[in-house]
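Here's the letter readout for the chains.
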Amino acid sequence: MELHFQNLGPKNWKADVMLVLCCEGEDMLTRCPHLDTAAPWLAVAPAMRDFMGKIGELALLHGHPELPVPRVLAIGLGQHDSVSMGGVRKAVARAVRLCRDRGIDSLLLPEPAFFALPVGGRERLLEECVCAALLALYRFTALSKPKKDIPPDPRRLSIGFADPQDSLDSVHSAARRGENTAGAVRLARNLANMPSNLLFPEALANRALEVARKFGFHYSVLDEKDLAREGMGALLAVGQGSSRPPRLIVLEHAPEECAENKPLILIGKGITFDTGGICLKQAANMHHMKCDMTGAAVVLAVIAALAGENIPRRVVGLLACAENMPGPRATRPGDVVTAANGDTIEILNTDAEGRLALCDAITYAQKHWSAAAMIDIATLTGACGIALGNELAGLFCDNDVLAERLCAAGGACGENFWRMPLWKPYAEHLKSDVADITNMGRREGGAITAALFLQHFVDDALPWAHLDIAGVDWTDKKTPLCPKGGNGFGARTLLELTRGGAF
Ligand code: BES
Ligand code: MN
Ligand code: ZN
């Protein structure tokens, strides 16, 4: 669906349907007389009287088919005082899905009608509504024939402005921002949903190169020989049971004016499939593990969006990619490997592979850049999902400023993080009898020991955060903003944070 702007006032607005958000008990025409100008038939539409504005309520009202705006889809938001941005997102998404189901081709959001809504302010609301509309239409279509019973997407989404004076650059860019954000999330979802026979480390590297060419940012890749030269024994150990060798993909968005600034470094876990290795996982739902590269997908998508928008920040992305397979060459429990920082690791559980891939990327980041901050994002532990459920991701960070900014960025865009403790005493559980550290803590507090394992490799002076998205990266039952499957969780937060000038 393409984004358009209609600047010539409500008399000239034209679309198959106008979407109008409305609180309970409100008269939309009193609140926004522009609606009356755009669709004068609305005031006398009998069905208007039945619309209460209750939360979740949708009413499709029809005027004469030849009119410039022949339909209005009224969308209820519930009580004025309890309207939330999450509620607005869902309402818009449900409305857009209804339009698609009805085969409606062009949609219009009347910008002046946003003024009276009690959340977000004009620009933020527009950004969120555009983003929600585009995410609502997302489906993973790459690998199936077009289905006859599934209608095509609407082709146009217009924003209607009251007059040209109102159609300010800042408001246009807010809408464009929403569009870019949705593009980033959609890219992350497409990568996450791609099955692992088609998306293995080298294939992900090739995709990243395509994206880098399209959006214009630096790309390089370390293959298995380069990784050996860098001494990345941990990342190599994860991939050695697979016929598809590991890769470390290095991305950098460095616009000229800030090419000398200290970068923000984003590190993504890119396990293209996690069988568990020799410590094999159970069969039930194992296919979810094609999404074990969501962190890497998110980092790639965020850097693409920053480059596409020309955001004046220097951001480096590292994607630590490997396929975790059993096999004659696979790592065995008890094997000891040497990580890139020189520490030896006793691999007591081959299914705790994410931390092994990430620790070498962390070392690489610290060796090559003097960073302003470093954030890793990973589907790291089932334990995090057990602790926080499927609506909250874990945030581990011992820098209060960075933690606050991440929580705020996530909260603003509907990805919620809950701060978890880096409880030092549990580092005891990572003591090895034979090596410097082991990769497996106890079952209890498993998300914390995983975070402590990563922290072991991080310089104390560097502000660092670890985002554990294992409980939230997969949508079990379709929601208004996402069908079943990988959802690209984290892309919005990291984009929001970097746009706002994280650190
Ligand atoms: N990729 C998994 C974590 C995961 C679980 C992600 C469920 C999404 C949904 C990770 O590599 C893993 O297997 N972790 C183990 C760690 C344990 C062996 C210490 C786990 O959580 O069981
Ligand atoms: Mn695992
Ligand atoms: Zn994993």
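Because the structure is a prediction, the values reported are computed rather than measured.

**Let's talk about the site of ligand 1**
Working step 1: In the vicinity of ligand 1 there are 15 residues, among which Lys281, Asp292, Asp351, Glu353 and Gly382 approach most closely.
Working step 2: Residue Asp274 places a side-chain N or O atom 2.9 Å away from an oxygen atom belonging to ligand 1.
Working step 3: A distance of 3.5 Å separates a nitrogen atom of ligand 1 from a polar atom in the backbone of Leu380.
Working step 4: Considering ligand 1 on its own, with 520 Å² of exposed area, one finds that the protein chains cover 76% of that surface.
Working step 5: More than half of the atoms belonging to ligand 1 lie within 2 Å of the grid points that define the largest pocket.
Working step 6: Residues of the shell around ligand 1, tallied by class, amount to four nonpolar, four polar and seven charged.

**Concerning the packing of aromatic side chains**
Working step 1: For the structure shown, the criterion picks out four aromatic pairs.
Working step 2: Relative to Phe489, the ring of Phe417 lies with its centre 5.6 Å away and its plane at 65 degrees, an arrangement referred to as edge-to-face. Highlighted residues: Phe417 in strand S15 (residues 416-420) and Phe489 in the loop between strand S19 (485-486) and helix H14 (491-499), separated in sequence by 72 residues. Each member of the pair Phe417 and Phe489 is classed as buried.
Working step 3: The ring of Phe200 has Arg244 sitting right over it, with the charged end atom 4.0 Å from the ring centre.

**Structural notes on the sheet that holds strand S7 (residues 218-222)**
Working step 1: Ordered in space as S7-S8-S10-S9-S13-S17-S14-S15, the eight strands form an open sheet in which the pairing is mixed. Where the open sheet ends on each side, the last strands, each with one partner, are S7 and S15. Neighbouring strand axes in the sheet, compared pairwise and without regard to direction, differ in orientation by 20 degrees on average.
Working step 2: Where S7 meets strand S8 (residues 247-253), five bridges bridge the pair, whose relative direction is antiparallel. Looking across to S8, one finds that Val221 is bridged to Ile249.
Working step 3: The strands touched by helix H6 (residues 201-215) are S7, S8, strand S9 (264-274) and strand S10 (315-324); relative to S8, the strand with the most contacts, the crossing angle is about 15 degrees.

**Considering empty space enclosed by the protein**
Working step 1: All chains considered together, the criterion is met by one cavity of 30 Å³ or more.
Working step 2: Volume-wise, the largest cavity comes out at about 70 Å³.
Working step 3: Residues belonging to the lining of the largest cavity are distributed by class as follows: seven nonpolar, five polar and one charged.

**Comments concerning the sheet that holds strand S5 (residues 106-110)**
Working step 1: Pairing within the open sheet is mixed, and its six strands lie in the order S1-S6-S5-S2-S4-S3. A single partner strand is all that each edge strand has here, and the edge strands are strand S1 (2-6) and strand S3 (58-62). The sheet shows a mean angle of 25 degrees between the axes of neighbouring strands, direction not considered.
Working step 2: Where S3 meets strand S4 (residues 71-76), five bridges bridge the pair, whose relative direction is antiparallel. Bridge assignment links Ala59 to a residue of S4, and that residue is Ala74.
Working step 3: Taken strand by strand, helix H3 (residues 85-101) contacts strand S2 (17-22), S3, S4 and S5, and its axis lies near 155 degrees from that of S2.
Working step 4: Across the sheet, helix H4 (residues 122-136) touches S1, S2, S5 and strand S6 (156-160), and the angle it forms with S6 is around 165 degrees.

**Focus: the coordination of the manganese ion (ligand 2)**
Working step 1: For the manganese ion (ligand 2), the full set of protein donor atoms is Asp274 (OD), Asp351 (O), Asp351 (OD) and Glu353 (OE), and the range of their distances to it is 2.1 to 2.2 Å.
Working step 2: Viewed at the metal, the six donor atoms of the manganese ion (ligand 2) are separated by angles of 72 to 168 degrees, and the geometry they form is irregular.
Working step 3: If you list the donors of the manganese ion (ligand 2) from N- to C-terminus, the spacing comes out as D-x76-D-x1-E.
Working step 4: The distance between the manganese ion (ligand 2) and the zinc ion (ligand 3) comes to 3.2 Å, and Asp274 binds to both of them. Here Glu353 lies in the loop between strand S12 (344-347) and helix H10 (354-368) and Asp274 lies in strand S9, a separation of 79 residues in the sequence.

**Let's talk about the UniProt feature "domain: Cytosol aminopeptidase" (unreviewed entry) in the protein chain**
Working step 1: Mapped onto the present numbering, the UniProt feature "domain: Cytosol aminopeptidase" (unreviewed entry) falls at residues 349-356.
Working step 2: End C-alpha atoms of residues 349-356 are separated by 11 Å, and the span's content is 38% helix alongside 0% strand.

**A word on the coordination of the zinc ion (ligand 3)**
Working step 1: Distances from the zinc ion (ligand 3) to its protein donors, Lys269 (NZ), Asp274 (OD), Asp292 (OD) and Glu353 (OE), fall at 2.0 to 2.4 Å.
Working step 2: Here the zinc ion (ligand 3) is ringed by six donor atoms whose angles at the metal span 78 to 172 degrees, and the overall shape comes out octahedral.
Working step 3: On the primary sequence, the residues serving as donors to the zinc ion (ligand 3) are separated as K-x4-D-x17-D-x60-E.

**A short note on the environment of Pro65**
Working step 1: Counting through the fold element by element, Pro65 comes out in the loop between S3 and S4.
Working step 2: By relative accessible area, Pro65 is classed as exposed at 63%.
Working step 3: Pro65 sits 131 residues away from Ser196 along the chain, and the two C-alpha atoms are 48 Å apart.

**What to know about the state of the cysteines**
Working step 1: Here the structure, examined in full by the defined rule, presents zero disulfides.
Working step 2: Note on Cys482: no disulfide assigned, nearest cysteine sulfur contributed by Cys291 at a separation of 10.0 Å.

**Re the domain arrangement of the protein chain**
Working step 1: Along its sequence, the protein chain is carved into domain 1 (2-167) and domain 2 (194-500).
Working step 2: Using C-alpha coordinates to define each centre, domain 1 is positioned 38 Å away from domain 2.
Working step 3: Across the boundary between the two partners, domain 1 contributes 17 residues, which contact 15 residues of domain 2.
Working step 4: When residues of domain 1 are sorted by the area they lose upon contact with domain 2, Arg89, Arg97 and Arg124 head the list and together hold 36% of the total.
Working step 5: Our count for the contact surface shared by domain 1 and domain 2 stands at three salt bridges.
Working step 6: Arg124 serves as the salt-bridge partner of Glu496, at 3.0 Å between the closest nitrogen and oxygen.
Working step 7: Inspection of the region where domain 1 meets domain 2 yields six residue pairs in polar contact (both at pLDDT 80 or more).

**Some words on the packing of helix H5 (residues 169-193) against helix H9 (residues 294-309)**
Working step 1: At a minimum axis distance of 8 Å, the contact between H5 and H9 shows a crossing angle of 150 degrees. By the angle between their axes, H5 is roughly antiparallel relative to H9. At the point where H5 passes H9, the crossing takes the right-handed sense. Between H5 and H9, the contacting residues are Arg177, Asn180, Ala184, Leu187, Ala188, Leu191 and Ala192 on the first element and Thr294, Ala297, Val298, Leu300, Ala301, Ala304, Ala305 and Glu309 on the second.
Working step 2: Looking at the contact of H5 with H9 residue by residue, the classes come out as eleven nonpolar, two polar and two charged.

Scoring rules and cut-offs
- All residue numbers refer to position in the chain's written sequence, counted from 1.
- By the order in which they are written, chains take letters starting at A while ligands take numbers starting at 1.
- The predicted origin of the model limits local features to residues at a pLDDT of at least 70 and limits the giving and counting of side-chain atom pairs to 80 or more, whereas totals for whole chains, interfaces and linings rest on all residues.
- As a rule here, side-chain values cover all heavy atoms of the structure and leave hydrogens and water aside.
- Throughout this document, a residue counts as near a molecule or strand when at least one of its heavy atoms sits within 4 Å of that molecule or strand.
- Throughout this description, a polar contact denotes any pair of N or O atoms lying within 3.5 Å of each other; where both atoms belong to protein, one of them has to be capable of donating a hydrogen while the other can accept it, and for residues adjacent in sequence the pair is counted only when both atoms sit in side chains.
- Residue exposure ignores everything except the shown protein chains as possible cover, and the areas themselves are Shrake-Rupley values with a 1.4 Å probe.
- Here the term cavity refers to a set of points on a 1 Å grid, laid over the protein atoms alone, in which a 1.4 Å probe fits but cannot get out; the term pocket refers to an open set having protein on both sides within 12 Å along at least five of seven lines, with lining residues being those that place an atom within 4 Å of a point.
- Criterion for pocket placement: a molecule counts as inside a cavity or pocket if more than half of its atoms are within 2 Å of its grid points.
- Gly is placed with the polar residues, together with every amino acid not listed as nonpolar (Ala, Val, Leu, Ile, Met, Phe, Trp, Tyr, Cys and Pro) or charged (Asp, Glu, Lys and Arg).
- Whether two aromatic rings pair depends on their centres lying within 6.5 Å, for rings of Phe, Tyr and Trp, where Trp uses its six-membered ring; planes under 30 degrees apart make the pair stacked, over 60 edge-to-face, and the rest tilted.
- Helix numbering and strand numbering both begin at the N terminus, where a helix is a DSSP run of H or I of at least 4 residues and a strand a DSSP run of E of at least 2.
- Classification of residues uses two cut-offs on accessible area relative to the type maximum, computed with a 1.4 Å probe and protein chains only: under 20% is buried, over 50% is exposed, and between them is partly exposed.
- Charge-over-ring placement is defined geometrically: NZ (Lys) or CZ (Arg) within 6 Å of the ring centre, and within 35 degrees of the ring normal.
- Note on pairing: two strands pair once DSSP finds at least 2 bridges between them.
- The axes are straight lines fitted to the C-alpha atoms, using for helices just the contacting stretch, and the angles between their N-to-C directions are given from 0 to 180°.
- The contact criterion used throughout is that any non-hydrogen atoms of two residues lie within 4.5 Å.
- Grid points are joined across faces, edges and corners, and a volume is the space filled by probe spheres set on the points.
- Only nitrogen, oxygen and sulfur atoms count as donors, using a 2.8 Å cut-off from the metal that widens to 3.2 Å for Na, K and Ca. Water is left out, so coordination shells may look unfilled.
- Key to geometry: four donors with every angle between 85 and 135 degrees are tetrahedral; four donors are square planar and six octahedral where opposite donors lie over 155 degrees apart and all remaining angles lie between 65 and 115; all other sites are irregular.
- UniProt positions are given in the numbering used here, feature names are shortened, and annotations may be inferred rather than shown by experiment.
- By convention in this document, the label disulfide applies to cysteine sulfur atom pairs within 2.5 Å.
- Residue ranges assigned to each domain were obtained from an automatic or database domain assignment.
- For any pair of parts, buried area is found by adding up, for both, the accessible area (1.4 Å probe) each one loses once the two are put together.
- By salt bridge we mean one thing: a side-chain nitrogen of Lys or Arg within 4 Å of a carboxyl oxygen of Asp or Glu.
- What sets the label is the angle itself: under 35 degrees gives roughly parallel, over 145 gives roughly antiparallel, 65 to 115 gives roughly perpendicular, and the rest give oblique.
- Left-handed is the label given to a crossing in which the near helix is rotated counterclockwise from the far helix by less than a right angle, and right-handed is the label when the rotation is clockwise.

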